[in-house]
Amino acid sequence: MVEDWFRATDIDEVVTLIEEPHVHPFLCANSWLIRGARRNLLFDCGLGVASMRAFVVEHLGLAEPVAVLSHGHLDHMGSAHEFSQVWAHPAEQPWRPGQGSLVGTELMRILGMDDAAVASMPEIMVTAAPAADWLVKDYELRPVTPTRSLSDGERIDLGDLTLDVLHLPGHTPGSIALMVQETRMLLTGDVLYEGTLLDQLHGSNIPQYLESMSRLGELEPSLVLPGHGPVFDAERMAALAGRYLSSKALR
Ligand SMILES: [Zn+2]
């Protein structure tokens, strides 16, 4: 059992990365907290193993943020049900999230991963428990009904910061990214990160993914804040996007 389920790292004065370090790297997603003058925003919210809301409000001492979902996979929406405001793209279905599991083989099957992925996963996807009486088998992904639909081109006003919504389907039908207008920081969710991109899951669509990747290539972010792994710059983003595009062109 561990006291500190989450780990917070400040990226700058207003952006904080929240991670779940006791989760297998495959499932350890980045949640991004952005503190605005008028409201706070949390892009993704962890597995729901421990309370993300309590961490932000009680541990970090901040006003409850709006939870914005990059997409509806368990590692990004698990705690969404704890928040009074949840925003997502209408093509995503977090009110019908399907099963979640922290048992590796079962999770691979739920997501639609191939046999090689099933074989590569450990039986248990966490290395600690958030409470003494917590059991892996009791984990469930709780549904949530979004309170606002976010479409491509919409703007989110945080008071002193404005974020543009980009609909970038492919990983899932309703995957979105956010671009902070003032700082040009780009939050990509699972559309783009270092490592193997997942485009053959249930709900994935490779032609859409290719289009989304081309759109990303037109952006010039100052910094990319991905859904998994380390942050990177525009040059690295172009290389990663180009690698995906050329890998598909060869098939
Ligand atoms: Zn995902």
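Residues numbered from 1 in each chain as written. Predicted model: local features only at pLDDT ≥ 70, side-chain atom pairs only at ≥ 80, totals over all residues. Heavy atoms only, no water.

Asker: Any details on the coordination of the zinc ion? Residues and values, ideally.
Answerer: Surrounding the zinc ion are the protein donor atoms His71 (NE2), His73 (ND1), His171 (NE2) and Asp190 (OD), at 2.1 to 2.2 Å. Angles of 91 to 173° at the metal separate the four donor atoms of the zinc ion, which places the site in the irregular class. All donors of the zinc ion belong to a single chain; written as a sequence motif, their spacing is H-x1-H-x97-H-x18-D. Here His171 lies in the loop between β9 (162-167) and β10 (176-180) and His73 lies in the loop between β5 (66-68) and α2 (74-77), a separation of 98 residues in the sequence. On the accessibility criterion, His171 (1% relative accessible area) is buried. (Donors = N, O, S within 2.8 Å, 3.2 Å for Na, K, Ca; no water. Tetrahedral: all angles 85-135°; square planar, octahedral: opposite > 155°, others 65-115°. Helix = DSSP H or I, 4+ residues; strand = E, 2+ residues; numbered from the N terminus. Buried < 20%, exposed > 50% of the residue type's maximum accessible area, 1.4 Å probe, protein only.)

Asker: Please set out unusual backbone geometry residue by residue, giving values where relevant.
Answerer: Phi angles above zero are rare outside glycine, and Asp44 is one such case at about 80°. By the element assignment, Asp44 lies in the loop between β4 (40-43) and α1 (52-59). Located in the positive-phi region is Arg184, a residue other than glycine, with phi close to 60°. Structurally, Arg184 is set in the loop between β10 and β11 (185-189). According to the relative accessible area criterion, Arg184 is partly exposed, its value standing at 35%.

Asker: Tell me about the environment of Asp4, residues and numbers included.
Answerer: Take Asp4: it is sitting in the segment before β1 (7-10). You can call Asp4 exposed: its relative accessible area is 54%. Here the alpha-carbon distance between Asp4 and Glu20, two residues 16 residues apart in the chain, equals 9.1 Å.

Asker: An account of the pairing of strand β2 (residues 15-19) is needed here, citing residue identities and associated values.
Answerer: The buried fraction of β2 is high, at five of five residues. Across the two faces of β2 the burial is the same, with Val15, Leu17 and Glu19 and Thr16 and Ile18 all buried. Strand direction decides the pairing type here: β1 and β2, joined by four bridges, are antiparallel. Looking at the pairing, Ala8 lines up with Ile18 of β2. Here β1 folds back onto β2 in antiparallel fashion, the turn holding four residues. Looking at chain direction, β2 and strand β3 (residues 31-35) are connected through four bridges and run antiparallel. Residue pairing in the sheet places Thr16 in a bridge with Leu33 of β3. (Pairing = 2+ DSSP bridges.)

Asker: Tell me about the pattern of salt bridges, and please be specific about residues and values.
Answerer: As enumerated under the stated definition, the model contains nine salt bridges in all. A salt bridge links Asp164 to Arg155, with the nearest nitrogen and oxygen atoms 3.1 Å apart. (Salt bridge = Lys/Arg side-chain N within 4 Å of Asp/Glu carboxyl O.)

Asker: Explain the packing of aromatic side chains residue by residue, including any values.
Answerer: Across all of its chains, the model carries two aromatic pairs by this definition. Relative to Phe55, the ring of Phe6 has its centre 5.1 Å away and its plane inclined at 45°; by these criteria the two rings are tilted. Remark: Phe55 occurs in helix α1 and Phe6 occurs in the segment before β1; sequence separation between them is 49 residues. A relative accessible area of 9% means that Phe6 is categorised as buried. Residue classification places Phe55 among the buried positions, given a relative accessible area of 10%. With 4.8 Å between their ring centres and 35° between their planes, Tyr209 and Tyr244 make a pair best called tilted. (Phe/Tyr/Trp six-rings, centres within 6.5 Å; stacked < 30°, edge-to-face > 60°.)

Asker: Provide a residue-level description of the pairing of β10, including the pertinent values.
Answerer: Here β10 lies mainly inside the structure; five of its five residues are buried. Residues Ile176, Leu178 and Val180 line one face of β10 and the alternating positions Ala177 and Met179 line the opposite face, and both faces are buried. Two strands pair when backbone bridges link them, and β9 and β10 are joined in this way by five bridges, in the antiparallel orientation. By the bridge assignment, Leu163 is partnered in β10 with Val180. Where β10 lies against β11, two bridges are found, and the strand directions are antiparallel. For Leu178, the partnering residue across the bridge sits in β11 and is Leu187. Taken together, β10 and the strand that follows it, β11, pair antiparallel across an intervening segment of four residues, in which Arg184 is found at a positive phi of about 60°.

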